[in-house]
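Topology and contacts: notes
Each chain, written out:
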Amino acid sequence: MKQSILLALATICGGAVFAQQTAYYTDPDTKFKEAKEYFQREQYSLAYPLLKELKQSVKETDIANHPVTVQEINYYAIACGLKQDEGSSETQAIAYIAQEKNTARVQMMNYQLAEYYFRRKEFQKAISRYETANIANLSNKEIATMKFHQAYSYFTLQQFAQAKPLFNTIRSIKDDPNYLDANYYYGFLAFRDRQYNDALQSFRIVENEKNYATVVPYYIAQIYYIQGKKDEALKYAESKIKTGQSQYYDLEMKQMIGHAYFEAREYAKALPYLEDYVKRSEKVRREDLYELSYCYYQVNQLPKAIEGFRQLSGKQDTLSQHAMYLLGDAYLKTGQKTNARNAFLFCASNSSDKKQQEISRFQFAKLSYELGFPDEALNGFKTFVTDYPNSTYITEAKDLLVAVLANTNNYREAITLLDGMKDPTPNAKRLYPRILYGRATELINDGQLPEANTLLDKALKDPSNGSVLPLINFWKGEIAYRQNKLDDAIKFYNAYVSGGAPSSGEANLTHARYNLGYCYLRKENYAASRDFFEPLSRTASISSDELTQDAYLRTADCYYMERNYAKAKTMYDNVIRYSWPSEDYATFQSSMISGIKSPKDKISLLNTMNRKFPSSALVTDANMEIANTYMSDEKFNEAIPFLNNVIKGSGNASLKPQAYLKLGTAYYNLNNNTAALAQYKTLVSQYPNSQEAEDALDNVKTIYIQAGNTDEYSNFMRQAGKPISVSAEDSLLYTAAETQLSNNNTSAALTSLNNYLAKFPNGAYAIDANFYRAEIYNDKKDWKNALAGYEPVAAQAPNKYAERAILEAARIQFFEMKNYQLAEKYYGQLAQEASSQQNRLEAMRGLLRSQYQLQKWTEAAANAKELTTQKNASTDDKALANMAIAKSYELSKQYDQAIASFKSVIQLTKSALAAEARYGVANGWFQLNKLSDAEKAAFEVINKSGSYDFWITKAYILLGDIYFKQKDYFNAKATFQSVVDNTVEPNLKAEAQSKLSQAIDEESKSSKIGGQ
């Protein structure tokens, strides 16, 4: 055809031109034919240079005169360049397609360009060109090639719907070079579309082919399995595995075989396949791990079953619940009750299977009881009995509930439970007074005496109280004693003694007799008091304990008050000889006895106080006694240094106004009126509201009048804020209120006092009125108005009411208003103003408690150390002091020392402080990374902290922290989950939830389970 075209062209042209063209085209025509032959034989490397030369030799006249020939040359040259993967050919092909009008050649060039893109794996570009190529212009081979390549491009781009019919076309052409590949890809797409028969047909064709023999068997086995031909699937898959030929889907095949055997309940056969699958897989599904763990469980490889089941906790589905149920059983079979308890906890919190949930709740409560988690056992059995009244476990649950109650120290919860029983069992009735008593002792230790007394009264009336009746009487006596109800205290202590005086902690015969001695001492019945103290101190020696020492001293005091001075002095001298801590007190008392006969001996002994006991609180009292002795003998010069010592001393501050008054008196008697007035002025200036200031004013008046200086006297009184003339109305109004007070008409007195203060807020009797008004409001428990009266009296200390006003203001701020900052202020003031050892001790105690509440650990620790040295410091004082010291150590991260102090607290008390101290010990060990000790101590908190839920919950969280640090995420999760489910304290719940999430995250990092 091309030859005839060239001949036709030659006949048209003539002359010289004809000669030139003939010379040109004869040679190119031969080359073109040769190039096309090479192209058709796919010898593109030979064809391309010829075609490239022909293309470059084309002239403008050839394009105009022979366009078809030039078009053909361009087509083959560009196509051959594409076949040779020449980069510039892509641009030429695109230009050719855009410029040429020959539709057939354009479509063929799209095919060639598509193949170029296909070889370069630019599948999206290839598809766009295949879609514009027409098979009408292609050979059968090219059509088949295009369909396969186009299908593969669609497949690679996941356009499966477009790929599938193209693969289907090729898969039926057996002699096509892509026949096998097409069957594989078609089989895959048919499998994907769940056309399993078509997929199986194609896969069967290629299952033994080298390229697909390691892949296709997996799909064939899957098809059999999906079609319900499980035996055939199992036989086929196992046969392929046993050939030893490596399978691309080896793990998946083993998973399927294991799963098939698992479904057939042939667990021993399933085990090796599932085991290999899980072991070699980086991550697996939860179902796979469950099946493997279940197989281990069935063949009694319980440690391996446990390892797998543990990783399946935390979900709220059937699989997780079953896993936890079986895990709990596996732990029980291997003797791991603690872990079994946690597994049943997870199962119990899952409602997927109601029966398993019921059994697990029972098992959790039972194991909690057996393992010493009384709080959770109590709560568990309580809710179980309520929720499952018809359970097959109900009888055992009720029996165990009573057993828990019999051994519980969570008395608060036990009382709530027993009070809520509609028909309590005989055992419950028998236990009730013991539980009332137990809770009462907790409240006593926590200082909640009225609440404790109410429970003891209830227990006292209970007919089943026989086992604890003497102890009830002891604590009734103790509360009465602390409330200064001495007659009641004597009655109940005696009832305890006559009831056999059974010992239980602080309740014992010695303490009862000791406190009876104090009751009679306070009643000033010294003979009766001595009858109790003296037997307790008969064995006194240098190494006697504190109680014996104190009883010995009180015996001496009784002899002293009975004026048996010889006996008293002998005993005081023995205390000095033994060098007991109270040697300073004994020295002071001995000197007082010596003074009866010899003031000189008295002074001599008292002087030793300054030398031997310079830091004793009694040094100030000793100086005052020496001064008083000299004053009594009118040795005023000798008294002055000792009075100055009182003023300068840091001891009993209440003696300072007396010292100023007596200094003035001494100077007055020495005819030194100027010095006397100076002392009186200082007294009135510094202590304007004290009784001593009032007495000093009389002396000032005498001095000025004797000197005839009445104007100076008047001026002095005005400066002191006490003008000579007091309003008659002021005096009259206060006298009216005072009359009502004398008549015990408190309502009318209160009205009169308020009227007086409204009219004379700074009147002559304002301090008196404020104090009495405060006392009335205090009796009414009107704390706010009581404080409004006590506070101005305290602010004008010292005065005759100041000490009590400060004390009551401190108590109200601490106990009622919970304003610990103001309580700290008033207790601090009381420490300076207290005149009695009892009030000084309460000031130190209250100051410590306030600083404890304010978490001022440094200040608290300093006060605590001082409090523990006090002779009359109680057990509770020492417990709180040691707690403050422990907290101070804890703050400075001195955990070893903190633990030692916390342990001292535990030995001293059973109150909330003991619960906190036990937690402090556990936390200290944790901070020191002694996790075994920390765990043991945390269980101590749980088992021994009774009704103190906060510290029990904190201990559970600490246990979770311990497990987390040990990477025991299963038990960490269970512990945190328990807190989340049970605590009502929002901050602790939030803390536990946060730590639970952290444990879950950490576990997932090391877990076999994927996609959690």
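Residues numbered from 1 in each chain as written. Predicted model: local features only at pLDDT ≥ 70, side-chain atom pairs only at ≥ 80, totals over all residues. Heavy atoms only, no water.

1. Description of the overall build of the protein chain
In plain terms, the rule: Secondary structure is summarised from DSSP: a helix means a run of H or I of at least four residues, a strand means a run of E of at least two, and numbering begins at the N terminus for each. The atom set for the radius of gyration is the C-alpha atoms, and the globule formula is 2.2 Å times the number of residues raised to the power 0.38. Contacts between residues were defined by any pair of non-hydrogen atoms, one from each residue, lying within 4.5 Å. Per-residue accessibility takes into account occlusion by the displayed protein chains alone, with areas from the Shrake-Rupley method and a 1.4 Å probe. We treat Lys and Arg as the positive residues and Asp and Glu as the negative residues; His and chain ends play no part in the count. Working definition for charges: the position is that of NZ of Lys, CZ of Arg, CG of Asp or CD of Glu.
Counting its regular elements, the protein chain contains 55 helices and 0 strands. By the compact-globule yardstick of 31 Å for 1012 residues, the protein chain is too spread out, its C-alpha radius of gyration being 52 Å. Taking the principal axes of the C-alpha coordinates as reference, the protein chain spans close to 170 × 75 × 55 Å. Within the protein chain, contacts between residues at least 6 apart in sequence are counted, and of these 53% link residues at least 24 apart. Surface accessibility of the protein chain: about 47,900 Å² in total, with carbon and sulfur atoms responsible for 48%. The positive charge centre, built from 118 side chains, and the negative charge centre, built from 116, are 2 Å apart in the protein chain.

2. So, helix α19 (residues 318-333)
Filter applied, for reference: In this scheme, a helix's expected span is set at 1.5 Å multiplied by one less than its residue total. Three exposure classes are used, based on accessible area relative to the maximum for each residue type with a 1.4 Å probe and protein chains only: buried under 20%, partly exposed in between, and exposed over 50%.
Over its 16 residues, α19 runs 23 Å from end to end, which matches the ideal 22 Å to within 8%, given 1.5 Å per residue. Within α19, the full set of buried residues consists of Leu319, Ser320, Gln321, Ala323, Met324, Leu326, Leu327, Gly328, Ala330 and Tyr331. Those residues of α19 hidden inside the fold are in contact with α17 (286-298), α18 (302-310), α20 (337-348), α21 (354-371) and α54 (969-982). Within two residues after α19, glycine 335 carries a phi angle of roughly 75°, on the positive side.

3. Examining the UniProt feature "repeat: TPR" (unreviewed entry) in the protein chain
Applicable threshold: UniProt positions are given in the numbering used here, feature names are shortened, and annotations may be inferred rather than shown by experiment.
With numbering matched to this structure, UniProt assigns "repeat: TPR" (unreviewed entry) to residues 657-690. Helix makes up 79% of residues 657-690 and strand 0%. Its end C-alpha atoms lie 7 Å apart.

4. So, the environment of threonine 454
With respect to the element layout, threonine 454 can be found in helix α26 (residues 449-461). Separated by 22 residues in the primary sequence, threonine 454 and lysine 476 have C-alpha atoms spaced 9.9 Å apart.

5. Notes on the side chain of serine 752
With respect to the helices, strands and loops of the structure, serine 752 is situated in helix α42 (residues 746-759). By relative accessible area, which is 19% here, serine 752 ends up buried. Not counting residues up to four positions away in its chain, the partners in contact with serine 752 are Ala737 and Gln740.

6. A short note on the packing of α18 against α19
Applied cut-off: Where helices are involved, their axes are fitted lines through C-alpha atoms of the stretch in contact, as for all axes, and angles between N-to-C directions lie from 0 to 180°. Helix crossings get a hand from a simple test, with the near helix turned counterclockwise from the far one by less than a right angle marking a left-handed crossing and a clockwise turn marking a right-handed one. The classification used treats Ala, Val, Leu, Ile, Met, Phe, Trp, Tyr, Cys and Pro as nonpolar, Asp, Glu, Lys and Arg as charged, and all other residues, Gly among them, as polar.
In contact at an axis separation of 9 Å, α18 and α19 are set at 145° when each is read in the N-to-C sense. For the element pair α18 and α19, the recorded crossing hand is left-handed. Contacts between α18 and α19 involve Leu302, Ile306, Phe309 and Arg310 from the first element and Ala323, Met324, Leu326, Leu327, Ala330, Tyr331 and Lys333 from the second. Counted by class, the contact of α18 with α19 contains 9 nonpolar, no polar and 2 charged residues.

7. Overview of empty space enclosed by the protein
Cut-off, in case you're wondering: A pocket, in this scheme, is an open set of points on a 1 Å grid over the protein atoms alone with protein on both sides within 12 Å along at least 5 of 7 lines, while a cavity is a set where a 1.4 Å probe fits but cannot get out; residues line either one if an atom lies within 4 Å of a point. Grid points are joined across faces, edges and corners, and a volume is the space filled by probe spheres set on the points.
According to the stated counting rule, one finds 3 cavities of 30 Å³ or more in the structure shown. Lining the second largest cavity are 13 residues, with Arg341, Asn342, Phe373, Tyr956 and Thr975 sitting closest to its centre. For the lining of the second largest cavity, the secondary-structure elements that each account for two or more residues are α20, α53 (949-965) and α54. Among the elements that line the lining of the second largest cavity, the one with the most residues is α20, at 4 residues. Residue composition of the lining of the second largest cavity, by class: 7 nonpolar, 4 polar and 2 charged.

8. Comments concerning the pattern of salt bridges
Which entries qualify depends on this criterion: For this analysis, a salt bridge means a side-chain nitrogen from Lys or Arg found within 4 Å of a carboxyl oxygen belonging to Asp or Glu.
Enumeration according to the criterion identifies 54 salt bridges in this entry. Of the charged contacts, one joins glutamate 442 and arginine 439 as a salt bridge, the two residues approaching to 2.9 Å between their closest N and O atoms. On the criterion of helical spacing, the pair formed by glutamate 442 and arginine 439 is a turn pair, its members being 3 residues apart in helix α25 (residues 426-445). Judged by relative accessible area, glutamate 442 falls into the buried class, the value being 6%. For glutamate 534, the salt bridge identified is with arginine 530, shortest N-O distance 3.7 Å. In this pair, glutamate 534 and arginine 530 both sit in helix α30 (residues 526-536), 4 residues apart, roughly one turn of the helix. Of the two residues, glutamate 534 and arginine 530, both sit in the buried class. Within this structure, Glu775, Arg804, Glu808, Arg811 and Glu842 form a network of salt bridges that share partners.

9. Considering the environment of glycine 924
When you line up the elements, glycine 924 lands in helix α51 (residues 912-927). Among the residues examined, glycine 924 registers a relative accessible area of 2% and is labelled buried. Taking C-alpha positions, glycine 924 is 30 Å from phenylalanine 815, a pair spaced 109 residues apart along the chain.

10. Some points on unusual backbone geometry
A cis amide bond links alanine 797 with the next residue in sequence, proline 798, at an omega value of 0°. Assignment of secondary structure puts proline 798 in the loop between α44 (783-795) and α45 (802-816). Phi is positive for glutamate 524, which is not a glycine, with a value near 65°. Relative to the elements of secondary structure, glutamate 524 occurs in the loop between α29 (509-522) and α30.

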